[in-house]
Amino acid sequence: THVKTGMVIDTLTLENGTRYYELDSKEFIALINKHSYSNYREVRFINPATKSLSKPLDVITEVPEEIEIRIIDEIETTIPAGSIGLYLENTRPPKISGISETSPLFGTEVKTGMIIDTLTLEDGTRYYEMETKEFVKLIKEHSYSKNRKVRFIDPTTKSLTKPPGVTEISDEVEITLNAGQTMGIILNKEK
């Protein structure tokens, strides 16, 4: 079973028996990622110089012009009571390095590489910008809760949620003052 340079993907068959034909790279990657939890994904590679691409048994004569590929980059989900079953890197924010097969998140759209953006406890307390140790401590302390909400994001496409009242600090700010309006700031006496 050696894939050689120049070979192309002929078919992708999923665990449920669904077989995909004539996939372009984006479609193939999206399907592989979407079904990354699966124990069975069969990919057939062929040498296009000696073999022809397989055709579906019931070839469709009209092919849609665009196929929508949905990339999930943000998920907020309720975690049931018990263990969360995630392997996390010791970072700020916590980054998923693996998902246990016994995790309630196994087989969902939560994927390795996502980060934990927020944790909302049953009483409504929301935590932002946590370190891994803080997240693990809170999730364990509230393991009895059936209503822990976690927001996962893809850090390559989404930014962390800022706590209420916290705004980005800019290098430049312009303020327009109306007549008689004060700024309410104290300036250093330095030049």
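Model, not experiment: these values are computed from the prediction.

### Examining the overall build of the protein chain
Scanning the protein chain for helices and strands turns up two helices and nine strands. Of the regular secondary structure in the protein chain, the N- to C-terminal order runs β-β-α-β-β-β-β-β-β-α-β. Looking at the protein chain as a whole, 24% of its 191 residues are labelled buried. For the protein chain, long-range pairs separated by at least 24 residues make up 61% of all intrachain contacts whose partners lie at least 6 apart in sequence.

### A short note on the confidence of the model for the protein chain
The share of residues in the protein chain with pLDDT of 70 or more is 76%, and the mean pLDDT across the chain is 78. For the stretch residues 169–183, pLDDT sits under 50, and the model shows three contacts to residues farther than four places along the chain or on other chains.

### Brief notes about the pattern of salt bridges
The final tally for this structure, using the stated rule, is eight salt bridges. Put simply, Arg 151 and Glu 74 hold a salt bridge, and the shortest N to O gap is 2.5 Å. A residue pair is termed long-range when its members are at least 10 positions apart, and Arg 151 in strand β9 (residues 148–153) and Glu 74 in strand β4 (residues 74–79) qualify at 77 residues. Here Glu 74 falls in the partly exposed class, since its relative accessible area comes to 38%. We note a salt bridge from Glu 129 to Lys 162, for which the minimum N-O separation is 3.6 Å. Pair noted here: Glu 129 is in the loop between β8 (126–128) and α2 (132–141) and Lys 162 is in the segment after β9, with a separation of 33 residues, a long-range link. When salt bridges with common partners are traced through the structure, they connect Glu 74, Asp 117, Arg 151 and Lys 158 into a single cluster.

### Focus on the pairing of strand β5 (residues 86–89)
As a general feature of sheets, a regular strand has side chains that alternate between the two faces. Pairing of β5 with strand β6 (residues 95–99) involves four bridges; the strand directions are antiparallel. Counterpart to Leu 88 in the pairing with β6 is Ile 96. In sequence, β5 turns back onto β6 through a hairpin of five residues.

### Considering the sheet that holds strand β2 (residues 19–21)
Across the sheet, which stays open at both edges, the three strands sit in the order β2-β1-β3 with antiparallel pairing between neighbours. Single-partner strands in this sheet number two, and they are β2 and β3 (41–46). When the angles between neighbouring strand axes are averaged without regard to direction, this sheet yields 20°. Pairing of strand β1 (residues 8–14) with β2, which is carried by three bridges, proceeds in the antiparallel orientation. The partner of Thr 13 across the bridge, within β2, is Arg 19.

### Some remarks on the environment of Val 8
Here Val 8 lies in strand β1. Residue classification places Val 8 among the partly exposed residues on the basis of a relative accessible area of 32%. When the C-alpha positions of Val 8 and Ile 46 are compared, they lie 5.5 Å apart, and in sequence the two are 38 residues distant.

Quick notes on the rules
Residues numbered from 1 in each chain as written. Predicted model: local features only at pLDDT ≥ 70, side-chain atom pairs only at ≥ 80, totals over all residues. Heavy atoms only, no water. Helix = DSSP H or I, 4+ residues; strand = E, 2+ residues; numbered from the N terminus. Buried < 20%, exposed > 50% of the residue type's maximum accessible area, 1.4 Å probe, protein only. Contact = heavy atoms within 4.5 Å. pLDDT = per-residue confidence, 0-100. Salt bridge = Lys/Arg side-chain N within 4 Å of Asp/Glu carboxyl O. Pairing = 2+ DSSP bridges. Axes fitted to C-alpha atoms, helices over the stretch in contact; angles between N-to-C directions.

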